[in-house]
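Structural overview
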Amino acid sequence: MESVPHRDALARFGYALSDATRTRILLSLRDGPGYPSALAEQIGVSRQTLSNHLACLRGCGLVVTVREGRRSRYQLADPRIGHALDDLLGLVVVVDPSCCPGEKEQA
């Protein structure tokens, strides 16, 4: 039997992955920490859009902010999140890509 905290944690992770921009942020951060301006440019979104998604990811407990003087960098809250993303990618890559129309444009 699953516990409420486990169910809630998985629901938060699923919610974070349900948006292509948040997924792209998590995939970027799995390679190492990033600064908002660089992440926004890399992902191709405005700083405001990125900020909103980072706030969501912080609220889900998936990313943390590390202050560096006047700057902040973001990183995964736990390295195991990156491993989990790798594992998920290994599972879903074998699924028929035609199941999700428009997915290629978001990647």
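As shown above, the structure is provided for reference.
This text gives an overview of the structure that appears in the document. (Residues numbered from 1 in each chain as written. Predicted model: local features only at pLDDT ≥ 70, side-chain atom pairs only at ≥ 80, totals over all residues. Heavy atoms only, no water.)

A closer look at the overall build of the protein chain
Rule in force here: Helix and strand definitions here come from DSSP, where helices need a minimum of 4 consecutive H or I residues and strands a minimum of 2 consecutive E residues; each element is numbered from the N-terminal end. Each residue is assigned to one of three classes by its accessible area relative to the maximum for its type, calculated with a 1.4 Å probe on protein chains only: buried under 20%, partly exposed between the two thresholds, exposed over 50%. Note on contacts: a residue pair qualifies if any of its non-hydrogen atoms lie within 4.5 Å across the two residues. Surface accessibility in these figures is a Shrake-Rupley result with a 1.4 Å probe; residues are shielded only by whichever protein chains are displayed.
Looking only at helices and strands, the protein chain has six helices and two strands in total. In sequence order, the protein chain lays out its α and β elements as α-α-α-α-β-β-α-α. Within the protein chain, the fraction of its 107 residues that count as buried is 27%. Put simply, of all contacts in the protein chain between residues at least 6 apart along the chain, 51% involve residues at least 24 apart. Looking at the protein chain as shown, the accessible area adds up to about 7,200 Å², and 56% of this sits on carbon and sulfur atoms.

Overview of the layout of surface pockets
Note the cut-off: Here a cavity is any set of points on a 1 Å grid over the protein atoms alone where a 1.4 Å probe fits but cannot get out, and a pocket is any open set with protein on both sides within 12 Å along at least 5 of 7 lines; a residue lines the site when it has an atom within 4 Å of a point. Grid points are joined across faces, edges and corners, and a volume is the space filled by probe spheres set on the points. Residue polarity follows a fixed list, in which Ala, Val, Leu, Ile, Met, Phe, Trp, Tyr, Cys and Pro are nonpolar, Asp, Glu, Lys and Arg are charged, and the others, Gly among them, are polar.
If you add up the space inside the second largest pocket, you get close to 170 Å³. Every residue lining the second largest pocket is listed: Ala-9, Leu-10, Arg-12, Phe-13, Cys-60, Gly-61, Leu-62, Arg-80, Ile-81 and Ala-84. Looking at the lining of the second largest pocket, the elements that each hand over two or more residues are α1 (4–17) and α5 (79–92). The element best represented in the lining of the second largest pocket is α1, accounting for four residues. Here the residues of the lining of the second largest pocket are counted per class, giving seven nonpolar, one polar and two charged.

Topic: the pattern of salt bridges
Two side chains carrying opposite charge are able to pair once their charged atoms lie near each other. Which entries qualify depends on this criterion: When a carboxyl oxygen of Asp or Glu lies within 4 Å of a side-chain nitrogen of Lys or Arg, that pair is called a salt bridge.
Inspection of the entire model under this criterion finds three salt bridges. Linking Arg-73 and Glu-68 is a salt bridge whose minimum nitrogen-to-oxygen distance equals 2.5 Å. For Asp-78, the salt bridge is made with Arg-80, and the minimal N-O distance between the two is 2.8 Å.

Regarding the side chain of Arg-73
As a reminder of what qualifies: Pairs of N or O atoms within 3.5 Å make up the polar contacts considered here, provided that, within protein, one atom can donate a hydrogen while the other can accept it, and that residues adjacent in sequence are counted only when both atoms are side-chain atoms.
Mapped onto the elements, Arg-73 comes out in strand β2 (residues 71–76). Side-chain polar atoms of Arg-73 contact the side chain of Glu-68, separated by 2.5 Å. When neighbours within four sequence positions are excluded, Arg-73 is seen to be in contact with Pro-33, Gly-34, Tyr-35, Val-64, Thr-65, Val-66 and Glu-68.

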